[in-house]
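Understanding the architecture of this molecule
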Amino acid sequence: MNKYWYPLITRRWENDDIVFLNWGYEEEPPLGLPLAPEDEPNRYSIQLYHCTAGQADLSGKKVLEISSGHGGGAAYLTRTFHPGSYTGLDYNPDGVAFAKKRHNLPGLDFVEGNAESLPFADESFDAIVNVEASHTYPHFDRFLPEVVRVLRPGGHFLYADFRGYLEYDNWDAALAAIPMEMASKRDISAEVLRARDKNSEVFLDLNSRHIPKGLQFFGKMFSGAPGTLAYRQMQAGKASYRMYHFTKD
């Protein structure tokens, strides 16, 4: 479904200038991340990127984001964390075209590619960012070795995503098997749900205005809005949203 869903929403939401697709992050008390006025409408999505990528120092580093979507996270991290270069890779050609047109920053580039077969040489990057995307990959076990392959020794894998409780064992086993050290692991389900409580209206509005009626059920599910199955599962502890930091020896 995701193979067709993401190009669909890219084409239908382009005129609304939607640059983030993740569920967001908010703490209690509020994180209060200082933002430029133009970034404020995307506060919760930006905070998820900021906290995930901020687990390592990216200044001057060569960074790859796998599944960069509409490029909002890539643009924010480039402006804020000052990497030496930042490459956003995405499987959706419409998303890549949108990001290239929307985000014109020195050192930032977007390319089309497959997370399970990265088009880069071994040990090409100092850090890899992956936010709320790997649950859509058909073969998660192919993605992780590619992360290890293109990371340089001493590199960082900065990762956030969710799974349902029936997937926990396989998820944990796959992450434990990669030849990297887990520097940190956090369950951020409460922070993600708090962001959804505050910021789901914009996605529901887009869904009702731009998505065909027969597909609006999937749009609501994708949004993770309060009352949807994904939201209720996380609220009940039957799904977990986690943030990780791995380092490669």
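Details of the structure are given in the entry above.
Residues numbered from 1 in each chain as written. Predicted model: local features only at pLDDT ≥ 70, side-chain atom pairs only at ≥ 80, totals over all residues. Heavy atoms only, no water.

1. Some details on the environment of Pro 179
Rules: Secondary structure elements are defined from DSSP: runs of H or I of at least 4 residues count as helices, runs of E of at least 2 residues count as strands, and each element is numbered from the N terminus.
In this structure, Pro 179 sits in the loop between helix H6 (168–177) and strand E6 (181–187). In the structure, Pro 179 is positioned 35 residues away from Leu 144 in sequence and 9.8 Å away in space, judged by C-alpha atoms.

2. Some thoughts on helix H5 (residues 140–150)
Spelled out, the test is: The classification of residues rests on relative accessible area computed with a 1.4 Å probe and restricted to protein chains. Under 20% of the type maximum is buried, over 50% is exposed, and intermediate values are partly exposed. In what follows, a contact means two residues having at least one pair of non-hydrogen atoms within 4.5 Å.
Of all the residues in H5, the buried ones are Phe 140, Phe 143, Leu 144, Glu 146, Val 147, Val 148 and Val 150. Elements that come into contact with the buried residues of H5 comprise strand E1 (62–66), strand E4 (125–131), strand E5 (151–164) and H6.

3. Comments concerning the pattern of salt bridges
Keep this limit in mind: Put simply, a salt bridge is a Lys or Arg side-chain nitrogen that is within 4 Å of an Asp or Glu carboxyl oxygen.
For the structure on display, the rule yields nine salt bridges. The closest approach of N and O atoms between Asp 39 and Arg 79, which form a salt bridge, is 3.1 Å. Here Asp 39 is found in the loop between helix H1 (2–13) and helix H2 (43–53), whereas its partner Arg 79 is found in helix H3 (residues 72–81), with 40 residues between them in sequence. Between Asp 172 and Arg 242 there is a salt bridge; the shortest N-O distance is 2.7 Å. In this pair, Asp 172 sits in helix H6 while Arg 242 sits in strand E7 (residues 239–247), placing the two residues 70 residues apart along the sequence. Residue classification places Asp 172 among the partly exposed residues on the basis of a relative accessible area of 28%.

4. Quick notes on the side chain of Glu 26
Stated formally: Positive charge is attributed to Lys and Arg, negative charge to Asp and Glu, and no charge count is given to His or to the chain ends. What qualifies as a polar contact is a pair of N or O atoms within 3.5 Å, subject to a donor-acceptor requirement within protein and to the restriction that residues adjacent in sequence count only when both atoms come from side chains.
Mapped onto the secondary structure, Glu 26 falls in the loop between H1 and H2. Although Glu 26 lies buried, it forms no salt bridge, and the closest oppositely charged side chain, Lys 198, sits 5.6 Å away as judged by the N-O distance. Here Leu 31 takes part through its backbone nitrogen, which lies 3.0 Å from a polar atom of the side chain of Glu 26. Setting aside residues up to four positions removed in sequence, Glu 26 forms contacts with Leu 31, Tyr 44, Gln 47, Glu 191, Arg 194, Ala 195 and Lys 198.

5. Details of the side chain of Asn 22
By secondary structure assignment, the location of Asn 22 is in the loop between H1 and H2. The class of Asn 22 is buried, set by a relative accessible area of 4%. Side-chain polar atoms of Asn 22 contact the backbone nitrogen of Gly 24, separated by 2.8 Å. Among the polar contacts made by the side chain of Asn 22, one reaches the side chain of Ser 45 at a distance of 3.2 Å. Contact partners of Asn 22, with chain neighbours within four places excluded, come to Ser 45, Leu 48, Tyr 49, Val 131, Glu 132, Arg 196 and Phe 203.

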